Amino acid sequence: LFSFNMTIKIEQAEGRQTMFERTKPCDWLPDQGWEDIVKLAEHFPEKCGFLLDDMEKNSTDWKAPVPMKYEENLSTFQKLLLLRCFRVDRVYRAVTDYVTVTMGENFDTIYEQSTPSSPIIFILSPGSDPASDLMKLAERSGFGGSKFKFLAMGQGQEKARRSFARGQWLMLQNCHLLVKWLKDLEKSLERITKPNPNFRLWITTNPIKDFPIGILQKSLKVVTEPPNGLKLNMRATYSKISQETLSKCPHPAFCSVVYVLAFFHAVVQERRKYGKIGWNVPYDFNESDFFGDSDIPWGSLKYLIGEVIYGGRVIDSFDRRVLGVYMDEYFGDFLFYNFRQFHFFNNKDVNYSIPPNGPKEVYIDNLPLANTPEVYGLHSNAEIGYYTQAAKDMWSESGGSISRDHYISQVAQDIQNKLPKLFDMDVIRKRFGSDISPTSVVLLQELERFNKLVVRMRHSLAELQRALAGDVGMSSELDEVSRALYNGHIPAIWKKLAPDTLKSLGNWMSHFKRRYEQYSFWVDEGEPKVMWLSGLHIPESYLTALVQAACRKNGWPLDLSTLYTQVTQYQSEEEVTDRPGLGCNVSGLYLEGADWDMENSCLVKSKPKSLVTEMPVLKVIPTEARHLTLQNTLRTPVYTTSLRRNAMGVGLVFEADLFTTMHISHWVLQGVCLLLNAD
């Protein structure tokens with residue numbers, strides 16, 4: 001079998017063999033689509049066995065909707081499979097229709113499965129509200145009017161028990177706001193032995209951890225999908241606007257301006273789903289932007305919305321241009337005209353305009369659930385890429401056919417593009433000359449190690465790309481690299497040449513880039529005024545070099561010299577103006593097991609849920625050991641990572657001195673230490 005597969009692959013590469021015996025009958029059909037059609041005919045020979053012959057004889061008929069005999073003979077799911085072969089970009093909407101047809105658009109099925117003793121819990125997503133659909137179900141089932149009671153948490157929960165005996169429908173809304181009362185409800189449900197057969201309990205809640213498990217186990221769970229589309233986005237926005245907010249301004253156009261802002265907010269959010277066509281950068285516009293305006297003049301309000309609240313997030317110049325156009329289109333003085341109605345978008349099928357006076361929510365409910373990209377000013381082709389990618393994402397999440405090799409290749413290519421050029425060691429050595437300082441020796445050693453890491457990364461990534469393309473065999477080493485890249489880990493062959501870390505691949509690449517920047521500054525500008533100690537491969541060697549330099553300068557015996565530290569008031573490297581005359585400033589240290597009081601410059605207890613705290617800049621000072629006298633100071637170990645030191649003694653860098661007003665034993669039992677890397 002292996003020999004056969006190899007033969008087929010070789011013939012395919014040389015153009016002497018295709019994957020399938022039958023060639024594609026038409027040019028307009030993608031190659032992947034034809035392969036899927038062949039597989040469909042193989043898997044469903046009774047329904048689609050003649051599909052290949054029909055395609056070869058009547059290929060032009062398949063440009064239109066599905067031919068009638070397949071429309072009549074195929075099930076709804078099989079039509080989905082057929083649609084995937086021809087129009088991948090239409091699969092996403094077709095799946096939505098399939099779910100609607102199969103599961104139904106209303107809650108009748110849920111009601112049929114429910115019992116008086118089993119509550120129905122709606123787990124809400126932002127913007128969803130099942131209340132209106134439940135009211136329609138109640139009307140159809142004969143439980144409308146006074147037989148259907150709504151109760152929001154905090155509004156007289158004692159009335160809930162009355163519905164149990166009367167056979168009414170009771171809806172408890174926003175139960176996540178009063179979890180303590182739900183435990184009482186759980187006990188009440190357990191005491192009910194013979195409920196009225198007409199009684200139904202409907203509960204809405206956000207997903208929370210503390211929801212009583214007893215209610216969950218005996219209930220029907222209904223999950224509502226997050227809103228997607230202009231209509232649902234605007235509905236979610238208006239659900240957070242109180243009537244008091246809408247009535248606080250007496251200006252007759254105020255409600256219209258709020259509606260325009262809600263429409264604008266939905267547009268800039270929905271535009272993101274079209275990828276790079278929508279925004280060059282996917283900005284995180286959220287509800288805090290919408291509620292960020294205040295009572296200010298109209299001209300200032302437009303500037304605040306376009307340049308500060310929303311424009312403050314936009315960093316790309318072309319995206320700013322798009323945002324400016326929206327502002328000009330939506331927020332002109334024409335909003336206040338009475339002689340002409342303003343339309344956001346208008347064609348023969350739909351009309352998006354500012355609704356007349358009255359509740360805007362009713363108008364929003366009448367908007368179409370799905371909308372075309374033209375509403376946002378985009379071409380209709382924009383949704384093809386969006387829905388194609390949405391379908392592929394759906395297949396990926398369901399164990400679909402997104403290529404693992406393609407993803408690894410993309411990650412490898414991205415890392416390759418970020419690799420810096422090697423440091424020219426010969427040029428750097430000549431620059432230092434023969435009289436070289438101990439810290440300069442450390443720099444040369446660090447650069448040599450960094451060059452080795454870059455060479456190994458560049459070589460392994462290049463070989464991996466060739467292996468993925470089939471040019472060379474996939475060795476065990478390359479296979480380990482590919483698995484690590486796929487899982488977001490650092491390959492083992494890179495770790496051997498890099499400082500110890502527990503970071504993920506993405507964070508490690510940021511760390512790698514910062515290391516290169518520090519090395520480059522050190523080469524070009526001289527020793528940094530603040531040394532980022534985490535960026536050194538062997539930070540102990542640099543600290544030792546500081547002691548050596550001080551001993552040379554002052555004539556101290558090397559074996560009788562040591563280091564001590566002082567915590568400065570500098571919160572960041574930028575605040576430091578000069579290097580100290582003796583020793584150095586270091587940054588990038590994290591305190592674990594305690595917190596640091598900047599005002600009193602001492603150790604204090606950690607804040608709740610705060611595991612590590614970034615320390616201010618530390619000053620490391622060499623001195624003779626006999627002159628060093630420290631009081632109320634904790635000798636604090638400094639480790640490379642949170643794994644601290646292993647059994648072989650690897651991991652400890654040096655010991656720092658931290659002032660304390662409490663007894664040292666307290667901090668020893670607390671396990672206080674400093675780390676060079678946050679995980």
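Just so you know, these numbers come straight off a predicted model, no measurement behind them.

*Asks:* Would you mind going over the overall build of the protein in detail, with residue names and values included?
*Replies:* A count of helical and extended segments in the protein gives 28 helices and 18 strands. Going through the 679 residues of the protein one by one, you find that 42% of them count as buried. Intrachain contacts of the protein at a sequence separation of at least 6 include 67% that bridge at least 24 residues. Entry remark: accessible area of the protein is about 38000 Å², with carbon and sulfur atoms responsible for 52%.

*Asks:* Residue-level account of the packing of aromatic side chains, with values.
*Replies:* In the structure shown here, the tally under the stated rule is 21 aromatic pairs. Each ring, one from Phe 122 and one from Trp 202, has its centre 6.1 Å from the other, and the planes form 20°; the classification is stacked. Highlighted residues: Phe 122 in strand β1 (residues 120–123) and Trp 202 in strand β4 (residues 200–205), separated in sequence by 80 residues. Taking the relative accessible area as the measure of exposure, Phe 122 reaches 0% and is therefore buried. Aromatic side chains Trp 522 and Tyr 542 sit 5.8 Å apart centroid to centroid with 90° between the ring planes, which places their arrangement in the edge-to-face category. Of this pair, Trp 522 sits in helix α26 (residues 505–525) while Tyr 542 sits in helix α27 (residues 539–554), and the two are 20 residues apart along the sequence. Accessibility assignment for this pair places Trp 522 and Tyr 542 in one class, buried. One Lys or Arg, Arg 514, reaches over the ring of Trp 532 and ends 4.0 Å from the middle of that ring.

*Asks:* Outline the packing of helix α21 (residues 404–418) against helix α23 (residues 438–469), supporting the account with residue identities and numerical values.
*Replies:* Axis separation between α21 and α23 bottoms out at 10 Å; the angle between their running directions is 150°. One finds that α21 runs roughly antiparallel with respect to α23. With respect to the hand of their crossing, α21 and α23 are arranged in left-handed fashion. Contacts between α21 and α23 pair Asp 405, Ile 408, Ser 409, Ala 412, Gln 413, Ile 415 and Gln 416 from the former with Met 457, Arg 458, Leu 461, Ala 462, Leu 464, Gln 465 and Leu 468 from the latter. When its residues are assigned to classes, the contact of α21 with α23 shows eight nonpolar, four polar and two charged.

*Asks:* Give me the lowdown on the side chain of His 176, citing residues and values where you can.
*Replies:* By the element assignment, His 176 lies in the loop between β3 (169–173) and α11 (179–191). Within the structure, His 176 has its side chain in polar contact with the backbone nitrogen of Asn 206 (distance 3.1 Å). Those residues in contact with His 176, other than ones at most four positions away along the chain, are Thr 205, Asn 206 and Ile 208.

*Asks:* Describe the confidence of the model for the protein, naming the residues involved and giving the relevant values.
*Replies:* Residues with a pLDDT of 70 or more make up 83% of the protein, whose mean pLDDT is 78. For the protein, helix α1 (residues 2–13) is the element with the lowest average pLDDT, namely 49, and α23 is the one with the highest, namely 91. Contacts of residues 1–6 to residues separated by more than four positions or lying in other chains number zero contacts, the stretch itself having pLDDT below 50.

*Asks:* Can you explain empty space enclosed by the protein? Please cite residues and give values.
*Replies:* The final tally for this structure, using the stated rule, is two cavities of 30 Å³ or more. Considered as a void within the structure, the second largest cavity measures approximately 30 Å³ in volume. In terms of lining residues, the second largest cavity is bounded by Pro 116, Ser 117, Leu 189, Ile 192 and Lys 218. Taken together, the residues that form the lining of the second largest cavity break down as three nonpolar, one polar and one charged.

*Asks:* Now, about the sheet that holds strand β18 (residues 673–675): what can you tell me, with residues and values included?
*Replies:* Across the sheet, five strands lie side by side as β14-β11-β18-β16-β17; this open sheet has mixed pairing. Every other strand in the sheet has two partners, leaving β14 (612–614) and β17 (652–659) as the edge strands with one partner each. With direction set aside, neighbouring strand axes in the sheet form an average angle of 30°. Two elements, strand β11 (residues 590–592) and β14, share three bridges in a ladder whose sense is antiparallel. From the neighbouring strand, Glu 592 faces β14, where its bridge partner is Val 612.

*Asks:* Explain unusual backbone geometry to me, and be specific about the residues and the numbers.
*Replies:* Although it is not a glycine, Ser 601 adopts a positive phi angle of roughly 50°. Topologically, Ser 601 is positioned in the loop between β12 (595–597) and β13 (602–604). Of note, the phi angle at Asn 632 is positive, near 50°, even though the residue is not glycine. For Asn 632, the position within the fold is in the loop between β15 (618–624) and β16 (633–639).

*Asks:* Describe the sheet that holds strand β10 (residues 584–587), listing the residues and the values that go with them.
*Replies:* Spatial strand order, β8-β10-β15-β9: four strands in an open sheet with mixed pairing. The sheet terminates laterally at β8 (530–532) and β9 (561–567), the two strands that pair on one side only. Between one strand axis and the next, the sheet turns by 35° as a mean value, whatever way the strands run. When β10 meets β15, the two strands line up antiparallel, connected through three bridges. Bridging across to β15, Asn 585 finds its partner in Lys 619. Sitting on the sheet, α27 touches β8, β9, β10 and β15, and the angle it makes with β9 is about 110°.

*Asks:* Tell me what's going on with the pattern of salt bridges, and back it up with residues and numbers.
*Replies:* Going through the model one piece at a time under the given rule, you end up with eleven salt bridges. As a salt-bridge pair, Arg 449 and Glu 446 come within 3.9 Å of each other at their nearest N and O atoms. With Arg 449 and Glu 446 both in helix α23, this residue pair falls three residues apart, about one helical turn. You can call Glu 446 buried: its relative accessible area is 0%. Here the salt bridges share partners, and the residues they tie into one network are Arg 635, Glu 655 and Asp 657.

*Asks:* Go over a positive patch on the surface, please, and point to the residues and values.
*Replies:* On the surface, Lys 180, Lys 183, Lys 187 and Arg 191 cluster together into a patch of positive charge. Locating Lys 187 in the fold gives a position in helix α11.

*Asks:* Quick one: what's the story with the nonpolar core, residue by residue and with numbers?
*Replies:* Core analysis: the largest hydrophobic core is formed by 66 residues, its most contacted members being Ile 415, Leu 485, Trp 494, Trp 508 and Tyr 542. Per-element tally for this core: the top contributor is α23, with eleven residues. In contact with Ile 415, other than residues within four places in its own chain, are Met 457, Leu 461, Leu 485, Trp 494, Leu 505 and Met 509. Core analysis: the next-biggest nonpolar cluster, separate from the first, contains 42 residues, Leu 261, Tyr 283, Phe 331 and Phe 345 among them.

*Asks:* Let's hear about the packing of α23 against α26: which residues, and what values?
*Replies:* Two packed helices can be described by the angle between their axes and the distance between those axes. Where α23 meets α26, the axes come as close as 11 Å, and the angle between the chain directions of the two elements is 140°. Of the possible angle classes, the one that applies to α23 and α26 is oblique. As α23 packs across α26, the resulting crossing turns out to be left-handed. Contact residues: α23 offers Thr 439, Leu 443, Glu 446, Leu 447, Phe 450, Leu 453, Val 454 and Met 457, while α26 offers Trp 508, Met 509, Phe 512, Arg 515, Tyr 516, Tyr 519, Trp 522 and Val 523.

*Asks:* Describe in detail the environment of Trp 532, supporting the description with residues and values.
*Replies:* The topology assignment puts Trp 532 in strand β8. Since its relative accessible area comes to 6%, Trp 532 is described here as buried. Counting along the chain gives 18 residues from Trp 532 to Arg 514, while the straight-line C-alpha distance between them is 9.3 Å. Residues within four places of Trp 532 in sequence aside, it is in contact with His 511, Arg 514, Arg 515, Gln 518, Glu 573, Ser 587 and Gly 588.

*Asks:* Account for helix α15 (residues 254–270), naming residues and giving values.
*Replies:* One turn of the α-helix equals 3.6 residues, which is why residues spaced by three or four share an orientation. Helix length check: α15, at 17 residues, gives a terminal C-alpha distance of 24 Å against a target of 24 Å (1.5 Å per residue), a fit within 8%. Of all 17 residues making up α15, 16 are buried, and the element is well covered by its neighbours.

Parameters at a glance
- Residues numbered from 1 in each chain as written.
- Predicted model: local features only at pLDDT ≥ 70, side-chain atom pairs only at ≥ 80, totals over all residues.
- Heavy atoms only, no water.
- Helix = DSSP H or I, 4+ residues; strand = E, 2+ residues; numbered from the N terminus.
- Buried < 20%, exposed > 50% of the residue type's maximum accessible area, 1.4 Å probe, protein only.
- Contact = heavy atoms within 4.5 Å.
- Areas by Shrake-Rupley, 256 points an atom, 1.4 Å probe, with all protein chains shown as cover.
- Phe/Tyr/Trp six-rings, centres within 6.5 Å; stacked < 30°, edge-to-face > 60°.
- Lys NZ or Arg CZ within 6 Å of the ring centre and 35° of its normal.
- Axes fitted to C-alpha atoms, helices over the stretch in contact; angles between N-to-C directions.
- Parallel < 35°, antiparallel > 145°, perpendicular 65-115°, else oblique.
- Left-handed = near helix turned anticlockwise from the far one by under 90°.
- Nonpolar A, V, L, I, M, F, W, Y, C, P; charged D, E, K, R; others polar.
- Polar contact = N/O pair within 3.5 Å; in protein donor to acceptor, adjacent residues only side chain to side chain.
- pLDDT = per-residue confidence, 0-100.
- 1 Å grid on protein atoms, 1.4 Å probe; cavity = no way out; pocket = protein on both sides within 12 Å on 5 of 7 lines; lining within 4 Å.
- Points joined across faces, edges and corners; volume = space filled by probe spheres on them.
- Pairing = 2+ DSSP bridges.
- Salt bridge = Lys/Arg side-chain N within 4 Å of Asp/Glu carboxyl O.
- Patch = residues over 30% accessible without salt bridge, like charges linked within 9 Å, V, L, I, M, F, W, Y side chains within 5 Å.
- Lys, Arg positive; Asp, Glu negative; His and termini not counted.
- Charge placed at Lys NZ, Arg CZ, Asp CG, Glu CD.
- Core = buried A, V, L, I, M, F, W, Y, C linked by side-chain atoms within 4.5 Å.
- Expected span 1.5 Å × (residues − 1).

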